[in-house]
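# Per-entry structural report
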Amino acid sequence: MSTSTMLSVENHDYWTSVANTFVWKKKWTTLQSGNFDEVNVEWFKGAKLNITENCLDRHLEKRRHKKALIFEPNNPSEAAQFFTYGELHISVCRFANLLKKKGVQKGDVVCFYMGMTPELMIGILACARIGAIHTVVFGGFSPQSLKGRLIDSNAKIIITHDGAFRGDKVTPLKSMVDEAITDLAKIETVLVVKRTLNEVTMKEGRDYFYDVLIKDCELYCPIVEVDAEDPLFILYTSGSTGNPKGLVHTTAGYMVHVANSFKDVFQTKETDIFWCTADIGWITGHSYLTYGPLLNGATTVMYEGIPTHPTPARFWETIEKHKISHLYTAPTAIRALESYGSDIPGRFSLKSLKVLGSVGEPINEEAWQWYHKYVGKERCPIVDTWWQTETGGILISPIAGITKTIPSYATLPLKGVEPVLVNEKGIEQTEMVSEGHLCIKTPWPGLARTIYGDHERYKQTYFSTYKGLYFTGDGAKRESNGYYRITGRVDDVINVSGHRIGTAEVEDAINAHDLIIESAVVGYPHPIKGQGIYAFVICMDHSHTQEEIEKQIKDSVQKIIGPIAKPDLIQVVAGLPKTRSGKIMRRILRKIVENDIANIGDTSTLLNPECVEKIIKDKKI
Ligand code: WT7
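### Focus: the layout of surface pockets
In this structure, the second largest pocket occupies an estimated 370 Å³ of space. Lining the second largest pocket are 19 residues, and of these Arg58, Ala259, Lys263, Leu295 and Asn296 lie nearest its centre. When residues of the lining of the second largest pocket are assigned to their parent elements, the largest contribution, three residues, is made by helix H9 (residues 251-266). Residues of the lining of the second largest pocket, tallied by class, amount to five nonpolar, eight polar and six charged.

### Quick notes on the site of the ligand
Around the ligand, the surrounding shell holds 17 residues, and the nearest of these are Asp384, Thr385, Thr389, Asp474 and Arg500. Note that an oxygen atom of the ligand is positioned 2.8 Å from one of the side-chain N or O atoms of Arg489. Here the ligand, which alone exposes 550 Å², has 96% of that area covered by the protein. For the shell around the ligand, the secondary-structure elements that each account for two or more residues are helix H10 (283-295), strand E20 (382-385) and strand E25 (484-489). Looking at the shell around the ligand residue by residue, the class counts come to six nonpolar, six polar and five charged.

### Focus on the packing of helix H12 (residues 331-338) against helix H14 (residues 365-375)
Interaxial distance between H12 and H14 falls to 10 Å at its minimum, and their mutual angle equals 70 degrees. When the axis of H12 is compared with that of H14, the two are roughly perpendicular. Between H12 and H14, the residues in contact are Ile334, Arg335, Leu337 and Glu338 and Glu366, Ala367, Trp370 and Tyr371, respectively. When grouped by side-chain class, the residues that make up the contact of H12 with H14 number five nonpolar, no polar and three charged.

### As for unusual backbone geometry
In this chain, His309 is followed by Pro310 through a cis amide linkage whose omega measures -10 degrees. For Asn154, which is not a glycine, the phi torsion comes out positive at approximately 65 degrees. Relative to the assigned elements, Asn154 resides in the loop between helix H6 (143-153) and strand E8 (157-161). The class for Asn154 is partly exposed, based on a relative accessible area of 44%.

About the criteria used
Residues numbered from 1 in each chain as written. Predicted model: local features only at pLDDT ≥ 70, side-chain atom pairs only at ≥ 80, totals over all residues. Heavy atoms only, no water. 1 Å grid on protein atoms, 1.4 Å probe; cavity = no way out; pocket = protein on both sides within 12 Å on 5 of 7 lines; lining within 4 Å. Points joined across faces, edges and corners; volume = space filled by probe spheres on them. Helix = DSSP H or I, 4+ residues; strand = E, 2+ residues; numbered from the N terminus. Nonpolar A, V, L, I, M, F, W, Y, C, P; charged D, E, K, R; others polar. Near = heavy atom within 4 Å. Polar contact = N/O pair within 3.5 Å; in protein donor to acceptor, adjacent residues only side chain to side chain. Areas by Shrake-Rupley, 256 points an atom, 1.4 Å probe, with all protein chains shown as cover. Axes fitted to C-alpha atoms, helices over the stretch in contact; angles between N-to-C directions. Parallel < 35°, antiparallel > 145°, perpendicular 65-115°, else oblique. Contact = heavy atoms within 4.5 Å. Buried < 20%, exposed > 50% of the residue type's maximum accessible area, 1.4 Å probe, protein only.

If you want it as structure tokens, here you go:
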């Protein structure tokens, strides 16, 4: 007998009525099938559609001249760009025609390794228009990381920029692509969008400039009908073990969930201007910068740069300039901007703001209060939205202006979402006031369906810890009013500035260096980043200074993963605490870096208890 819970009649009716608001080429025969026991969830089986018809074409009648996209460049003296729904539709069609000319067909994987310019958004929508699968790799990942993703995803074409502007830096993306694909013969085409005009090398017959090719592309491209469960995109994310996982999101379920959660949570009105500050290289940029707003016919803002460029007033300046009504950003950005002083936002008119959003990591009370007081002027509700790359869209969040908010509480599940807390033995906590590992009991449409090319790993990672439940990897508390407070990851994943980094991946990158015998990586509380990366390392010999070792390790991690995974603190140790079977006890190291020495627990059963004291004595914080 199946232990999985079926969709309730109420939820079945709810999702049916939500789904009925979209344009379908053919309606579904089964709303939802499969379960968390067999791990074969499907939604809207039998339906045919195209998501770009829902993002663009269906708005043309009423919103052809309404702004769909506002692009704010890195350099504030460069003019902003505006795309109406009519213009965005044409741009997507032309890009789609270009992809077709380059041989891209339905089901092919197209990789994007770009800075944040409109061509990135247009490009992924162009893929969706012709049924191709996009996979965006964040520009902060190294060529080696990009290579791994290109190999795993089987992409034959990659789209990049000559370079990307971020603050006062230029990232030479094209040459990084060259490095990634030197011995990857299967990459047939590299399309280069010009942005920074830095010098690039172009390989004859493989590399093409986008601006040259796009000139000859027709203004209209018919949609390709896809099946509800055809993949829309692959997005890589880190876990507690192994290489990054390519999560596969399928078309109809993702569309329905993302559009509906955007509408519910943010409560945008027709004239509102929505700004999600995430990069499209992350799920937030897919769901709430691109698909969510466009599916709702909203105006979305895309910003190329970083919050502190050219000054820490940039966010507030941009809100005033574009009369932004909704700001959706990460606690790390809030804390960083707060550190420059509370008077800065006060110098700008933020009166257009109506709703503030938070995403990516738990928001601490202080940051919440600052956001509330100095940005929202105590009149804008804050929606603390909890979700994950795997969930596609928001699952737990206040509804703006409706749910009573409490700092650091993501509050209540959205309609149709059924969270549960389980204890360590996997027993569901039925008392309202409880604490445990956060799981989801029944399918929701936005759930990633598999890990690209490895369904076994998908089952293992999310559905094997607690039978019949989707396990999120997060811990949570539930209060008497049903409010959830997310306490953070309970696995070996670190959340650095809202970015997920697997400790195993960082350890592998450190261990790859000749200087290192072994390492252990844990997260520690960081005032701006939320968590910082703390690496304990055992070196081959003692002939190097601390400074040299730090540089070597940081370089190695930067090369293998990218700058975002560089350890903040590195401690050279003689030994790491291990169990008798040789497993590193990261739990002990975590307690040490959290300065929670009193709760380290019994170390006497360790293989090498003596090393603990020494580690505590030499610790860096
Ligand atoms: C992990 C997912 C959600 C899109 C961006 C990150 C943490 C996310 C919250 C929140 C507390 C949060 C969780 C989650 N997280 N939002 N509002 N409160 N924690 O997506 O990279 O897949 O990371 O981010 O730990 O598991 P992601």
